[in-house]
Amino acid sequence: MPAFKPIDIRGYQHTKYWFDDGSVIVTIQTLSKGDLQEGTVLFKLHSSLLARHSTYFSRVLDGLATDRVELDNHLEDFVSLLEHLYHDTPLSSKAPFTHVASILRVSSPSQLDFPRLYELVRDYLVAMFPSGPVPFTHPDHLGEALALTTAYKIESIRNGIYYSLVTTTDFEAEEVGGEEVANRDNNLAHCRRLEDQTTVLSSADVERCGKLMAGIVDHFTPILFTPPATPHMTCTDVFADKWMSLVIQSAISDGGVYKPLETLECIKQLDWAAEGLCPACVREKREEWTEEQVMVWQKMDRWLG
């Protein structure tokens, strides 16, 4: 059930964040959603708490002639902010992505401007996504995460998100009512609704993903389909004999041609010593494959354009 109850014709009182000793009423207009009817949601909060942490509220509440502040933020984002301010939901890198994303949006300089909180939650978002090739994982919420990194200029994790989109999702350009949505703020909200479906991106991001996929295939295909050479003929012969069955066939069957970071990691983990490679060649090749992972990561900037 939604956490609201009608109090009069003005709107709906939030049952959790309506404090009798509050000093300011904050209102947010909401659209119909589930059991919640369209209307105004009311919060009665402590102005000193808001003004202490928010540049926006400090300015708005200074000399306020009335006890009401109207906001146009997303309701869910504002509630997540209050859950943090009133210590109801812990904020950390292990918090749910949706909670971190909501607080990032609402605390940003373009919205309610909570400077310290904004910097903190940016760090938590960065900690949720890979910022390098080893080890590499594929988190969820890729579409929304990409929109956030673009909107708030979080560069360190963007390449990894693009890589995950290319290697794990079916992405397509976003259209609403037959027209592409170019406005990034609209994309932020729309991605939240579509996260469990095909990942929907802007046409610019779809183009970048296409360029990244082409760059990956062009670079990695000859590496994957060519057995490595070694300083020792015997070890080179092992690769020649085993590369097709142990590496190429496996990569083809699980889409590894398009996943160089994961495929190289799998190659590194194979027991090459048991297949006949000498310890020196095993060590040398694993170092080379790790260097190749780094090379792929570094080249993504150029491939993305």
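Within each chain, residues carry numbers counting from 1 in the order of the written sequence. Reporting in this predicted model follows two pLDDT cut-offs: at least 70 for local features of residues, and 80 or more for side-chain atom pairs to be given and counted; totals over whole chains, interfaces and linings ignore these cut-offs and use all residues. Computation of side-chain values: all heavy atoms of the structure, hydrogens and water removed.

Trainee: An account of the overall build of the protein chain is requested, with residue identities and associated values reported.
Mentor: Numbering of helices and strands runs from the N terminus, with a helix taken as a DSSP run of H or I at least four residues long and a strand as a DSSP run of E at least two residues long. Helix and strand counts for the protein chain stand at 13 helices and nine strands. In this scheme, a residue with accessible area under 20% of its type's maximum is buried, one over 50% is exposed, and one in between is partly exposed, where area comes from a 1.4 Å probe on protein chains only. For the protein chain, with 305 residues in total, the buried portion stands at 47%. A separation threshold of at least 6 residues defines the contact pool for the protein chain, and within that pool the share at least 24 residues apart is 67%. Only carbon and sulfur atoms are counted for the fraction: they give 51% of the accessible area of the protein chain, which is about 15,700 Å². Here a residue-residue contact requires only that any non-hydrogen atoms of the pair lie within 4.5 Å. Where accessible areas are quoted, they stem from the Shrake-Rupley method and a 1.4 Å probe; at the residue level, only the protein chains shown are allowed to cover.

Trainee: Can you break down the packing of helix α9 (residues 203-224) against helix α13 (residues 279-304) residue by residue, with the values?
Mentor: Remark: α9 packs on α13, axes separated minimally by 9 Å, with the N-to-C direction vectors making an angle of 145°. As for how α9 packs across α13, the hand of that crossing is right-handed. Between α9 and α13, the contacting residues are Arg208, Lys211, Leu212, Gly215, Ile216, His219 and Ile223 on the first element and Glu292, Met295, Val296, Lys299, Met300, Trp303 and Leu304 on the second. Following the grouping adopted for this structure description, the nonpolar residues are Ala, Val, Leu, Ile, Met, Phe, Trp, Tyr, Cys and Pro, the charged ones are Asp, Glu, Lys and Arg, and the polar ones are all others, Gly among them. Grouping the amino acids of the contact of α9 with α13 by side-chain chemistry returns eight nonpolar, two polar and four charged. For every element, the axis is a line fit to its C-alpha atoms; helices are fit only across the contacting stretch, and the angle between N-to-C directions ranges from 0 to 180 degrees. Two helices crossing with the near one rotated counterclockwise from the far one by less than a right angle form a left-handed crossing, whereas a clockwise rotation gives a right-handed crossing.

Trainee: Now, about the environment of Leu75: what can you tell me, with residues and values included?
Mentor: Tracing the chain through its elements places Leu75 in helix α3 (residues 75-85). Judged by relative accessible area, which is 10%, Leu75 ranks as buried. In this structure, the C-alpha to C-alpha distance between Leu75 and Ser102, residues 27 residues apart in sequence, is 9.7 Å.

Trainee: Describe the packing of aromatic side chains, listing the residues and the values that go with them.
Mentor: Working definition: a ring pair exists when centres of Phe, Tyr or Trp rings (six-membered ring for Trp) sit within 6.5 Å. Plane angles under 30 degrees give stacked, over 60 give edge-to-face, the rest tilted. Taken as a whole and assessed by the stated rule, the structure comprises 14 aromatic pairs. Between Tyr17 and Phe19, the aromatic rings sit 6.2 Å apart at their centres with planes inclined by 65°, giving edge-to-face as the arrangement. Taking the relative accessible area as the measure of exposure, Tyr17 reaches 1% and is therefore buried. You can call Phe19 partly exposed: its relative accessible area is 22%. Consider the rings of Tyr118 and Tyr152, whose centres lie 6.2 Å apart with planes at 75°: the pair is edge-to-face. Placement of Tyr118 in helix α5 (residues 115-127) and of Tyr152 in the loop between α6 (142-151) and α7 (158-168) is noted, with a sequence separation of 34 residues between them.

Trainee: Tell me about the pairing of strand β2 (residues 11-18), and please be specific about residues and values.
Mentor: Along β2, six of the eight residues are buried, which leaves the element largely enclosed by surrounding structure. Across three bridges, the pairing between β2 and strand β4 (residues 39-45) is parallel. Within the sheet, the bridge partner assigned to Trp18 lies in β4 and is Lys44. For two strands to count as paired, DSSP must find a minimum of two bridges between them.

Trainee: Now, about unusual backbone geometry: what can you tell me, with residues and values included?
Mentor: Unlike most non-glycine residues, His141 shows phi in positive territory, near 60°. Its relative accessible area of 25% is what places His141 among the partly exposed residues. Even without being a glycine, Lys153 presents a positive backbone phi close to 55°. Judged by relative accessible area, Lys153 falls into the exposed class, the value being 61%.

Trainee: Quick rundown of the environment of Ala240? Include the residues and the values.
Mentor: Within the secondary structure layout, Ala240 lies in helix α10 (residues 233-253). Residues Ala240 and Pro227, 13 residues apart in the sequence, show an inter-C-alpha distance of 5.7 Å.

Trainee: Can you explain α5? Please cite residues and give values.
Mentor: An ideal rise of 1.5 Å per residue puts 18 Å on 13 residues; α5 measures up with 19 Å between its terminal C-alpha atoms. Within α5, burial applies to Leu117, Tyr118, Val121, Arg122 and Leu125. Mapping the buried residues of α5 onto a view down its axis gives an arc of 135°, with all of them on the same face. Away from its buried face, by an angle of more than 90 degrees, α5 presents the exposed residues Arg116, Asp123 and Ala127. Of the surrounding elements, those touching the buried residues of α5 are α3, α4 (97-107) and α6. Between the first and last residue of a helix there are one fewer steps than residues, each counted as 1.5 Å, and that sum is the expected span. Taking the helix axis as origin, the arc is that swept by the directions to the C-beta atoms.

Trainee: Which residues make up the pattern of salt bridges, and what values go with them?
Mentor: Note on pairing: side chains with opposite charge can pair once their charged atoms come close. Throughout this description, the term salt bridge denotes a Lys or Arg side-chain nitrogen within 4 Å of a carboxyl oxygen of Asp or Glu. All told, the structure shown has nine salt bridges when counted by the stated rule. The salt bridge involving Glu155 is made with Arg158; its shortest N-O contact spans 3.9 Å. Overall, Glu155 belongs to the exposed group, its relative accessible area being 51%. The salt bridge involving Arg208 is made with Asp205; its shortest N-O contact spans 2.8 Å. Separated by three residues within a single helix, Arg208 and Asp205 lie in helix α9, roughly one turn from each other. By relative accessible area, Arg208 is classed as partly exposed at 29%. Through salt bridges with shared partners, one network takes in Asp77, Arg105 and Glu144.

Trainee: Describe in detail the nonpolar core, supporting the description with residues and values.
Mentor: By nonpolar core we mean a set of buried residues, namely Ala, Val, Leu, Ile, Met, Phe, Trp, Tyr and Cys, connected to one another through side-chain atoms within 4.5 Å. Core analysis: the biggest nonpolar cluster contains 60 residues, and Phe43, Leu45, Phe57 and Phe78 have the highest contact counts within it. In this structure, Phe43 is in contact with His14, Tyr17, Trp18, Val24, Ile25, Val26, Ile28, Leu75, Phe78, Val79 and Leu82, ignoring residues within four places of it in sequence. Residues Ala251, Val257, Trp272 and Leu277 belong to the second largest nonpolar core, which totals 17 residues.

Coordinates in, geometry out; function isn't part of it.
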